[in-house]
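Listed below, chain by chain, are the residues.
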Amino acid sequence: MPLFWFIRQLVEAMAMSKKVITREDWEKKLNDVKIRKEDMNKLVMNFLVTEGYVDAAEKFRKESGTEPDIDLATITDRMAVKKAVQNGNVEDAIEKVNDLNPEILDTNPQLFFHLQQQRLIELIRDGKIEEALEFAQEELAPRGEENHSFLEELERTIALLAFEDITNCPVGDLLDISQRLKTASEVNAAILTSQSHEKDPKLPSLLKMLIWAQNQLDEKAAYPRINDLITATIEDPAV
């Protein structure tokens, strides 16, 4: 009990030592910061085109007058590749990438390996065991011999064949939709890079910076805080 009491007193003392910033003072400081609407529009457009929301980007362009820094027609082709990977149609995705720019896969062995790895996963998912083994031996094993990290990923994928219930095995996460999304995101980033565009949207990075800044400020002050990034509701400081 004495130790619990001491810790409680210490926490209360630390809380009392923090500076308290009222909502009124906080909102006054926020209002003093001038952000141009044009800059906010560019941030939104950057997110839409990078993530491939071509219809939304076109509508936003008309409504806001914000011109994208990328040809919206190219987004459709990029999204077709991304959708093919997300649906497990890896061969189709590879063909579409090569149609866009053959150098993307020629100059990115890691991306090509991950696409081939995803193709192997799809064969195993479909129960095509013999075809999967042949594909792994002919297409992936040689690349694994050249790169140790590729070999580890190949061995982990082949391990799926050792379990009768592959959905509940230790490497079953390879069959999750998240694995397809991960590969699709990698392809999307590579295509953007090949087109001399940023591979990641700016908005998520800014939100991460906001979280980091709030965590740093938490140690020094009690202030109106944004706890829910979806609603962006500012909550009164806890004192």
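Summarised in this report is the structure supplied together with it. (Residues numbered from 1 in each chain as written. Predicted model: local features only at pLDDT ≥ 70, side-chain atom pairs only at ≥ 80, totals over all residues. Heavy atoms only, no water.)

### Focus: unusual backbone geometry
- In this model, S196 sits at a positive phi of 60°, which is unusual for a non-glycine residue.
- One can find S196 in the loop between α11 (177–194) and α12 (202–218).
- Overall, S196 belongs to the exposed group, its relative accessible area being 68%.
- One non-glycine residue, A232, lies in the positive phi region at around 60°.
- Within the element layout of this structure, A232 appears in the loop between β3 (225–226) and β4 (234–235).
- Here A232 falls in the partly exposed class, since its relative accessible area comes to 42%. (Helix = DSSP H or I, 4+ residues; strand = E, 2+ residues; numbered from the N terminus. Buried < 20%, exposed > 50% of the residue type's maximum accessible area, 1.4 Å probe, protein only.)

### Let's talk about the pattern of salt bridges
- Using the criterion set out here, one finds 13 salt bridges in the structure.
- One salt bridge in this structure joins E58 and R61, with 2.5 Å as the shortest N-O distance. Of this pair, E58 and R61 both sit in helix α4 (residues 54–64), three residues apart, roughly one helical turn.
- On the basis of relative accessible area, R61 is assigned to the partly exposed category, the value being 24%. (Salt bridge = Lys/Arg side-chain N within 4 Å of Asp/Glu carboxyl O.)

### So, the packing of aromatic side chains
- Evaluated as defined, the whole model comprises three aromatic pairs.
- Note on F47 and Y53: the rings are 6.2 Å apart at their centroids and 25° apart in plane angle, and the pair reads as stacked.
- Taking the relative accessible area as the measure of exposure, F47 reaches 25% and is therefore partly exposed. (Phe/Tyr/Trp six-rings, centres within 6.5 Å; stacked < 30°, edge-to-face > 60°.)

### Re a nonpolar patch on the surface
- Together, L203, L206, L207, M209, I211 and L229 line one region of the surface with nonpolar side chains, adding up to about 470 Å² of accessible area.
- Relative to the assigned elements, L203 resides in helix α12. (Patch = residues over 30% accessible without salt bridge, like charges linked within 9 Å, V, L, I, M, F, W, Y side chains within 5 Å. Areas by Shrake-Rupley, 256 points an atom, 1.4 Å probe, with all protein chains shown as cover.)

### Regarding the nonpolar core
- Counting 17 residues, the largest nonpolar core has L120, I124, L140, L154 and L160 as the members making the most contacts within it.
- Of all the secondary structure elements, the ones that give two or more residues to this core are α8 (109–125), α9 (129–146) and α10 (148–158).
- A per-element tally of this core places α8 first, with five residues.
- In this view, L140 contacts F113, Q116, Q117, L120, F135 and L154; residues no more than four positions away in its chain are not counted.
- Ranked by size, the runner-up nonpolar core spans 16 residues in total, among them V81, V97, V187 and A190. (Core = buried A, V, L, I, M, F, W, Y, C linked by side-chain atoms within 4.5 Å. Contact = heavy atoms within 4.5 Å.)

### Quick word on the side chain of Q214
- For Q214, the location among the structural elements is in helix α12.
- Overall, the relative accessible area of 9% leaves Q214 in the buried class.
- The residues contacting Q214, other than those within four sequence positions of it, are Y223, R225 and I226.

### Here we look at the environment of E51
- Locating E51 in the fold gives a position in helix α3 (residues 37–51).
- Sequence separation of E51 and D69 is 18 residues, and the distance between their C-alpha atoms is 14 Å.
- Contacts of E51, omitting those with residues within four sequence positions, involve M79, K82 and P201.

### With respect to the packing of α8 against α11
- Following both chains from N to C, one finds α8 and α11 inclined at 150°, their axes separated by 10 Å at the closest point. In this view, α8 runs roughly antiparallel relative to α11, as classed from their interaxial angle. The crossing of α8 and α11 is left-handed. Counted together, Q110, L111, H114, L115, Q117, Q118, I121, E122 and R125 of α8 and Q179, R180, T183, E186, V187 and A190 of α11 form the full contact between these two elements.
- Among the residues making up the contact of α8 with α11, the classes are represented as five nonpolar, six polar and four charged. (Axes fitted to C-alpha atoms, helices over the stretch in contact; angles between N-to-C directions. Parallel < 35°, antiparallel > 145°, perpendicular 65-115°, else oblique. Left-handed = near helix turned anticlockwise from the far one by under 90°. Nonpolar A, V, L, I, M, F, W, Y, C, P; charged D, E, K, R; others polar.)

### A word on the packing of α9 against α10
- It is at 5 Å that the axes of α9 and α10 come closest, and there the two elements cross at 140°. Two packed elements cross with a definite hand, and for α9 against α10 that hand is left-handed. Mapping the contact onto sequence places A136, L140, A141, R143, G144 and E146 in α9 and H148, F150, L151, L154 and I158 in α10.
- Split by residue class, the contact of α9 with α10 holds seven nonpolar, two polar and two charged.

### A word on a negative patch on the surface
- Together, D126, E130, E131, E134, E138 and E139 make up a region of like negative charge exposed at the surface.
- Mapped onto the fold, E139 is located in helix α9.
- Residue E139 is classed as partly exposed on the basis of its relative accessible area of 33%. (Lys, Arg positive; Asp, Glu negative; His and termini not counted. Charge placed at Lys NZ, Arg CZ, Asp CG, Glu CD.)

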